[in-house]
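Secondary and tertiary structure notes
If you want the building blocks of each chain, they are given just below.
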Amino acid sequence: MEKSKTTNTNDQTKILPKSRIVTGILLFCIAGMMSIAFVSYLMNWKADQSQAGTMGDRHIKSSNVLGKIGDWLGNLFIFDSIGVAAFIIPFLLMVFGFIILKKNYFKPWKTISHSLFFICWLPIFLGIVTKGDGVWSGVYGYQIMDYLKAYVGSVGLWLIILVSILLYFVLEFNLRPSSIRNKFNEINDNTIGKLKEMMPKSEENFEADDELEQKEDLEKENIIEKEEIPTELPKIKVTEDIQPIATPNKTTFESVETPPVTPQKDLEAVSIKLDNDFSKTPFVQKPITTPQNIASNAEDIAFNIEVKKEEQLDPNEAKSQELVKEHGLYDHRLDLAKFQMPSFDLLKDYGSEEITINKDELEENKNKIVGLLKNFNVGISEIKATIGPTVTLYEIVPEAGIRVAQIKKLQDDIALNLSALGIRIIAPMPGKGTIGIEVPRKNPTMVSMRSVITSNKFQTSDMDLPVVFGKTISNEIFMADLAKMPHLLMAGATGQGKSVGINAILTSLLYKKHPSELKFVMVDPKKVELSLYSKIERHYLAKLPDAEDAIITDNNKVINTLNSLCIEMDNRYELLKNAFCKNLKEYNKKFTERKLNPENGHRYLPYIVLVVDEFADLIMTAGKEVEVPIARLAQLARAIGIHLIVATQRPSVNVITGMIKANFPARVAFRVIQNTDSRTILDSPGAEQLIGKGDMLYFNGNEITRLQCAFVDTPEVEKLAEFIGEQKGYSDAYILPEYSGEETSSNVGSFDPNEKDQLFEEAARIIVSTQQGSTSMLQRQLKLGYNRAGRIMDQLEASGVVGGFNGAKAREVLISDLHSLEQFLDNLRK
């Protein structure tokens with residue numbers, strides 16, 4: 001059954017230039033006329049030759065079918081040139097006609113090379129055969145034959161001809177000495193076999209030959225019947241009178257039809273009926289195997305029964321299976337089991353979004369493009385149009401010999417001729433042998449968020465973090481997985497659709513992921529762009545401990561949040577290491593299957609998406625304090641489910657540094673002002689040629705795709721946030737690890753023994769016994785939250801048990817053994 005495919009409506013117009021059609025037909029006509037003239041000339045060549053010089057005298061009647069033109073053509077190509085080899089010339093003209101009309105009936109280069117070979121050697125060969133008599137070899141064949149004969153003689157001339165013919169066949173049919181030798185060996189073997197058959201034979205030889213022939217006949221019959229085995233084979237029943245040792249005169253095999261059996265590859269021939277006389281040679285018949293014989297033989301065979309023991313499961317694996325059997329898989333949605341995903345009605349329906357085809361506009365643009373390129377001596381062999389929501393892509397196939405650079409230079413001229421902004425030339429098209437010219441439509445079609453969210457492609461997507469951007473220029477819905485990007489860099493001038501693009505990404509994720517699976521960390525220096533999402537704080541947002549607002553607008557808090565995310569990243573990597581997992585997906589799968597113990601600090605880990613709306617403002621105010629944690633997260637946070645979306649309206653090299661670009665392979669560019677800005681964000685020009693209003697370029701590290709971003713208006717985002725916010729949520733936002741920063745570190749050293757934590761001494765004993773100063777270890781051993789474990793670690797540092805913070809590495813333990821620790825603790829109690 002063939003699988004049906006659904007394709008979007010594309011208007012593709014293929015045009016074959018009229019000049020090619022006229023040229024091809026003209027070549028066919030010329031080839032036909034020459035062939036007729038040559039045939040007529042050969043039939044009356046003596047008369048036509050005498051009349052060839054009378055072209056100007058119209059009173060002399062020609063005997064050629066095509067008149068005096070036919071006389072002239074025959075005399076020029078046959079008599080004065082190459083003889084009957086002249087028929088190859090109209091054949092070549094016909095081949096060229098098919099090539100121009102793009103009818104690939106012949107292989108061009110092979111046909112031309114063979115034709116040239118015969119044009120060169122056929123007249124010479126005919127000159128030798130006819131000795132220059134008649135018109136067959138032409139003047140060329142006779143003169144070359146006469147010249148060679150004078151130097152090498154008749155024998156040498158024949159040798160040259162034969163060697164040429166031999167070389168032609170060797171090269172044409174790929175003849176090799178080994179294949180020729182094998183053929184000769186085969187002929188030799190057949191000859192020897194026939195000679196042996198003709199030799200006289202003795203009686204013994206005749207008897208042996210008879211037996212051999214009978215054996216061969218039997219084998220042939222068996223082979224024939226084996227090859228003709230049907231899919232359902234009858235079972236064979238053998239009936240005969242058998243003595244243990246006897247010499248029967250005849251043996252009869254009788255086939256009986258029974259229920260079909262399945263034939264096997266090595267099945268021997270079946271359904272054989274023979275009536276042969278074996279009286280001449282002794283015959284010993286083996287006893288037939290019957291079910292009774294099989295049973296008696298089976299009793300004599302030792303039969304041992306071995307019961308294979310079940311493999312012993314790992315205790316932890318067995319315990320996890322027992323827990324799953326008793327409680328089922330862990331359901332991370334259980335805390336918000338009644339949470340309802342947003343409905344499509346929250347998004348505005350803008351009506352039909354079908355693309356209307358304006359054939360007059362297409363034809364007008366096509367004529368302008370072809371005419372302009374023709375004025376600059378750029379020939380086009382083919383052109384087709386693909387209509388998208390905003391732009392129409394005209395793909396052209398330049399004629400042979402046209403350089404791509406010639407067309408690239410004409411971008412401004414094409415824009416001027418079409419009176420349109422946003423002309424972009426793609427030369428060449430990736431994966432195609434064409435050059436693309438993108439021309440904005442006069443009446444673009446809107447791409448609404450509802451149309452892409454309700455699409456089957458989005459609803460059935462199995463991506464981890466599906467993001468639907470909009471539609472391509474071929475009107476196809478374009479999606480990408482944020483988990484595989486793994487980070488996204490966005491840039492665009494003010495008012496070109498960058499904020500709408502961020503809302504489209506967030507809306508996609510909110511429509512697909514449950515609050516237990518996804519958390520957002522939102523940074524909004526402008527304080528107005530992301531404030532709409534404050535209503536979903538208890539569902540989808542994450543924040544620092546004791547922070548008032550989940551949406552961060554203060555640049556100082558941004559620094560602490562980024563460093564807190566780095567701590568969260570380190571903690572998650574520690575959990576993945578202890579669980580022997582490589583990424584977040586594997587870890588959560590193990591936790592869902594109850595293979596990880598929550599008492600050891602394990603928990604279900606949601607994806608965290610950091611959204612920064614105006615990155616340039618952060619770089620101006622904080623500089624390296626922001627750039628370093630951003631770069632560190634971009635380098636390492638992919639595997640543990642932390643992904644970054646960074647947007648800016650100033651994509652300059654001061655903002656998007658080399659360190660940032662190197663770790664953001666996926667980039668989106670809306671319209672920018674300068675060519676240099678486009679090169680900064682995309683490493684290539686093109687974004688300055690966009691027309692705005694959501695027109696964007698998406699770069700995934702390999703190729704650039706032009707898209708029309710889906711439009712989601714502010715009231716739609718408000719309805720979506722209200723719908724989520726009105727439902728029951730968690731008690732608070734997702735709490736990120738506490739980051740002490742400079743203020744906390746300045747207080748280290750002023751340790752008050754009276755204010756130490758109740759678990760201070762127990763924590764100190766764990767640290768000293770393991771000689772590992774790790775906060776995450778205290779979490780697991782003491783079953784604490786990260787904040788309390790961090791405070792205990794700060795007290796241990798202040799009291800002198802451990803050293804200072806050492807980045808991703810564990811702190812140095814300053815007390816070597818438990819005996820010294822107990823003395824130290826006794827001094828603190830006094």
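Here we summarise the structure given alongside this text. (Residues numbered from 1 in each chain as written. Predicted model: local features only at pLDDT ≥ 70, side-chain atom pairs only at ≥ 80, totals over all residues. Heavy atoms only, no water.)

A word on the environment of Val324. Tracing the sequence through the fold places Val324 in helix 10 (residues 315-327). Given a relative accessible area of 24%, Val324 falls into the partly exposed group. Along the primary structure Val324 and Glu593 are separated by 269 residues, whereas in three dimensions their C-alpha atoms are 6.7 Å apart. Among all residues touching Val324, those that are not within four sequence positions of it are Leu329, Glu593 and Arg594. (Helix = DSSP H or I, 4+ residues; strand = E, 2+ residues; numbered from the N terminus. Buried < 20%, exposed > 50% of the residue type's maximum accessible area, 1.4 Å probe, protein only. Contact = heavy atoms within 4.5 Å.)

Moving on to the pairing of strand 15 (residues 695-699). The buried count for strand 15 comes to five of five residues, which makes it a mostly enclosed element. With burial as the criterion, each face of strand 15 is covered, one bearing Asp695, Leu697 and Phe699 and the other bearing Met696 and Tyr698. As paired strands, strand 15 and strand 16 (residues 704-709) are joined by five bridges and run antiparallel to one another. Bridged to Tyr698 within strand 16 is Thr705. From the end of strand 15 to the start of strand 16, which pair antiparallel, there are four residues, and Gly701 there has a positive phi angle of about 100 degrees. (Pairing = 2+ DSSP bridges.)

For the peptide bond that leads from Ala427 to Pro428, omega is -10 degrees, which places it in the cis range. Relative to the helices and strands, Pro428 resides in the loop between strand 5 (424-426) and strand 6 (435-440). At the junction of Met485 and Pro486, the peptide bond is cis and its omega measures out at -5 degrees in the coordinates. Secondary-structure assignment places Pro486 in the loop between strand 8 (477-481) and strand 9 (488-491). Unusually for a residue other than glycine, Asp683 sits at a positive phi of about 65 degrees. Tracing the backbone shows Asp683 in the loop between helix 23 (675-682) and strand 15.

Before going further, it helps to examine the packing of helix 26 (residues 760-770) against helix 28 (residues 786-799). Running from N to C, helix 26 and helix 28 point in directions that differ by 75 degrees, and their axes come no closer than 10 Å. With respect to helix 28, the axis of helix 26 lies roughly perpendicular. Where helix 26 abuts helix 28, its residues Phe760, Ala763, Ala764 and Ile767 lie against Ile792, Met793, Gln795, Leu796 and Ser799. Looking at the contact of helix 26 with helix 28, its residues break down into seven nonpolar, two polar and no charged. (Axes fitted to C-alpha atoms, helices over the stretch in contact; angles between N-to-C directions. Parallel < 35°, antiparallel > 145°, perpendicular 65-115°, else oblique. Nonpolar A, V, L, I, M, F, W, Y, C, P; charged D, E, K, R; others polar.)

Bringing helix 27 (residues 775-782) into the picture now. Taken across its eight residues, helix 27 has seven buried, putting it largely inside the fold. Residue Lys783 follows helix 27 closely and has a positive phi angle near 55 degrees.

Once that is clear, we can look at the pattern of salt bridges. Note on pairing: side chains with opposite charge can pair once their charged atoms come close. If you walk through the whole model with that rule in mind, you get 29 salt bridges. The partner of Glu529 in a salt bridge is Lys526, and the shortest N-O contact between them spans 3.8 Å. By relative accessible area, Glu529 is classed as partly exposed at 25%. On the basis of relative accessibility, which here comes to 34%, the residue Lys526 falls in the partly exposed class. If you follow the salt bridges from partner to partner, you end up with Arg424, Glu438, Asp695 and Arg706 in one network. (Salt bridge = Lys/Arg side-chain N within 4 Å of Asp/Glu carboxyl O.)

Here we come to the nonpolar core. In a soluble, globular protein the nonpolar side chains are often hidden away together inside. In this structure, Phe469, Leu488, Phe520, Phe615 and Tyr698 are the most contacted members of the largest nonpolar core, which totals 113 residues. Per element, the largest residue contribution to this core is eight residues, and it comes from helix 18 (residues 555-578). Setting aside its immediate chain neighbours within four residues, Phe469 contacts Phe478, Ala480, Met485, Leu488, Ile505, Val668, Met696, Tyr698, Leu707, Gln708, Cys709 and Ala710. Grouped together as the second largest cluster of nonpolar side chains are 24 residues, Ile369, Leu373, Ala415 and Leu418 included. (Core = buried A, V, L, I, M, F, W, Y, C linked by side-chain atoms within 4.5 Å.)

It is worth stressing that arrangement in space is one thing and function is another; only the former is reported here.
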